[in-house]
Amino acid sequence: MAEGQPLVLNYSDYGSLPNEETYNLNNASTPAVLNDSPLTPNKRNSLKIILTCSWINCLLIFIPFGYLAHIFKWSDTWIFTLNFLAILPLSKLYDFATVDVSLRVGQSIGCLLNATFGNAVELIVSIIALSKGEIRVVQTSLLGAIISNLLLILGMSFVIGGFIYHQQVFNQIIAQTSSGLMTLACISLIIPAAFNFAVNGNTFNDNGGSTRQLVDLSHGSAIILLIIYILYIFFQLKTHSNLYQIEEEEEEPQLSLSTVLALFVVVTFIAALSAEYLVDSIRGMAESSGLSKTFIGLILLPIIGNAAEFTTAINASARNKMSFAITIAAGSSMQIALFLTPFLVILGWIIGQDLTLYFQPFETVVLFISVIITNYLILDGKSNWFEGAMLLATYTIISLAFFLYPMKL
């Protein structure tokens with residue numbers, strides 16, 4: 001590569017993060033450049049590229065069926081199921097569009113775009129649920145997304161990569177930073193639970209146990225977490241960007257910029273409609289199926305938003321790019337814990353919904369256990385299939401516990 005030539009990310013090849021020996025070989029931040037494809041595809045070819053970017057796009061056929069189920073007032077179980085399947089591929093389309101834009105603007109802004117849009121589906125579903133006063137659905141879906149990333153996605157990555165390569169290594173410094181940030185996020189949930197126990201005793205009511213003091217504590221903690229997230233972005237993109245450099249290889253964007261922007265708009269509109277119908281059907285779905293809202297929010301809804309992360313992380317581990325898989329799983333959890341959750345708390349403050357950082361004690365303990373075992377297994381910078389099996393076993397036990405949890409909320 002000639003000196004001064006802009007660097008272009010190759011996300012499809014899942015470039016690995018540099019190891020310790022190469023940290024000082026490339027510490028300069030990648031400049032933002034406008035890298036447009038020399039051959040802009042026509043509309044028909046663009047549509048073909050979008051529809052064939054992933055096998056999961058075959059589920060797009062459920063989008064009109066989800067709308068019809070709502071219009072003709074089918075049972076809530078059908079409405080939930082069809083819109084659930086419809087939203088799954090939308091997460092992957094967000095990921096595809098974000099990567100295509102990232103190829104134009106360089107690594108630094110590309111990472112920021114991935115951080116912003118990586119959990120767009122979770123954000124849309126949570127905002128709609130919050131606006132409808134479904135506080136428990138919002139809390140459990142956020143918690144479930146964190147646990148799913150840490151245990152299910154990371155566990156499957158360890159298992160797949162471990163069977164293929166016996167043992168894999170990854171960036172230990174990034175793993176330690178992720179562990180510290182997830183521990184901080186866990187502390188932000190434990191303190192409100194301890195505060196509520198000290199002030200009100202072990203009580204929890206339908207509005208999230210929100211006394212005035214607990215709401216104020218959550219608002220203050222949310223602001224602090226957002227500041228930490230901003231500092232983390234600055235740490236990742238500026239002061240210690242050499243630790244997060246991704247292997248650079250030439251690749252051109254597949255779509256024109258206008259097509260990508262239009263894809264963002266269309267996917268957001270479709271996801272918002274499907275998410276609204278899905279949220280409206282949760283109560284009826286819970287009553288007819290016997291499942292609690294807690295199980296639906298904590299186990300089922302995270303599958304929607306984590307579909308893209310799941311396939312990308314599995315492919316990365318299969319290519320022996322475990323550092324990238326760790327970045328996907330742990331990074332997505334951090335974005336939810338340090339950005340999405342506090343953002344929704346602040347948004348609830350603005351619109352008059354008392355969303356707090358106080359979760360049920362059982363849920364707080366589950367998050368603490370998930371963070372502890374994940375931190376323990378990734379701190380050595382090595383992984384194998386048996387460590388993945390331990391993470392999957394923990395996730396299975398948690399799922400079984402919430403399936404049998406008697407509290408119907």
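Residues numbered from 1 in each chain as written. Predicted model: local features only at pLDDT ≥ 70, side-chain atom pairs only at ≥ 80, totals over all residues. Heavy atoms only, no water.

## Re the overall build of the protein
Counted only if it meets this: Per the convention used, a helix needs a DSSP run of H or I reaching at least four residues, while a strand needs a run of E reaching at least two, with both numbered from the N terminus. Here the Shrake-Rupley method, with its probe set to 1.4 Å, supplies the accessible areas, and only the displayed protein chains count as covering residues.
Looking only at helices and strands, the protein has 14 helices and two strands in total. If you sum the accessible surface of the protein, you get close to 17700 Å²; carbon and sulfur atoms cover 67% of it.

## Things to note about the nonpolar core
Nonpolar side chains in soluble globular proteins generally cluster together in the buried interior. This is how the line gets drawn: In this text, buried Ala, Val, Leu, Ile, Met, Phe, Trp, Tyr and Cys residues form a nonpolar core when linked through side-chain atoms within 4.5 Å. Accessible area is worked out with a 1.4 Å probe on protein chains only. A residue is then buried under 20% of its type maximum, exposed over 50%, and partly exposed in between. Residues count as neighbours in contact if any of their non-hydrogen atoms are within 4.5 Å of one another.
Within the largest apolar cluster, 105 residues are counted, with the highest numbers of intra-cluster contacts made by Phe80 and Ile296. By residue number, the principal contributor to this core is helix α12 (residues 322-351), which donates 15 residues. Residues within four places of Phe80 in sequence aside, it is in contact with Leu278, Ser281, Ile282, Met285, Ile296, Leu300 and Leu301.

## Some details on a nonpolar patch on the surface
The condition that has to hold: Within the patch definition used here, like charges are joined within 9 Å and nonpolar side chains (Val, Leu, Ile, Met, Phe, Trp, Tyr) within 5 Å, considering only residues with over 30% relative accessible area and no salt bridge. Salt bridges, as used here, are contacts in which a Lys or Arg side-chain nitrogen is within 4 Å of a carboxyl oxygen on Asp or Glu.
On the surface, a nonpolar cluster with roughly 750 Å² of combined accessible area is contributed by Ile61, Phe65, Leu68, Ile71, Phe72, Trp74 and Trp78. Looking at the nonpolar patch element by element, the count peaks at three residues for helix α2 (residues 62-71). Under the relative-accessibility criterion, Phe65 is labelled partly exposed at 40%.

## Regarding the packing of aromatic side chains
Short version of the rule: Any Phe, Tyr or Trp ring, taking Trp's six-membered ring, that has another such ring centre within 6.5 Å forms a pair; planes under 30 degrees apart are called stacked, those over 60 apart edge-to-face, and the others tilted.
One pass over the structure, following the stated rule, counts twelve aromatic pairs. With 6.4 Å between their ring centres and 15° between their planes, Phe158 and Phe170 make a pair best called stacked. Here Phe158, found in helix α6 (residues 135-165), pairs with Phe170, found in the loop between β1 (168-169) and α7 (172-200); they are twelve residues apart in sequence, far enough to count as distant. The two residues Phe158 and Phe170 agree in class, both being buried.

## A look at the packing of helix α8 (residues 212-239) against α12
In plain terms, the rule: Only C-alpha atoms enter the line fits that serve as axes; for helices the fit covers just the stretch in contact. Angles between N-to-C directions range over 0 to 180 degrees. An angle below 35 degrees is treated as roughly parallel, one above 145 as roughly antiparallel, one from 65 to 115 as roughly perpendicular, and anything else as oblique. A clockwise turn of the near helix away from the far one marks a right-handed crossing, whereas an anticlockwise turn of less than a right angle marks a left-handed crossing. Nonpolar residues are Ala, Val, Leu, Ile, Met, Phe, Trp, Tyr, Cys and Pro. Charged residues are Asp, Glu, Lys and Arg, and all others, Gly as well, are polar.
In the contact formed by α8 and α12, the axes pass within 8 Å of each other and the chain directions differ by 140°. By the criterion of interaxial angle, the relationship of α8 to α12 is oblique. As α8 packs across α12, the resulting crossing turns out to be left-handed. On the side of α8, the interface is formed by Ser218, His219, Ala222, Ile223, Leu225, Leu226, Ile228, Tyr229 and Tyr232, while α12 contributes Met334, Gln335, Ala337, Leu338, Phe339, Pro342, Phe343, Val345, Ile346 and Trp349. In the contact of α8 with α12, the residues fall into 16 nonpolar, three polar and no charged.

## Observations concerning the confidence of the model for the protein
Formally: Every residue is assigned a pLDDT by the predictor, reflecting its confidence on a scale from 0 to 100.
Residues at a pLDDT of 70 or more form 82% of the protein, whose mean pLDDT is 80. The model gives residues 1-34 a pLDDT under 50, and that stretch makes 89 contacts with residues more than four places away or in other chains. Segment residues 204-210: pLDDT under 50, and 19 contacts once partners within four positions in sequence are set aside and those in other chains are kept.

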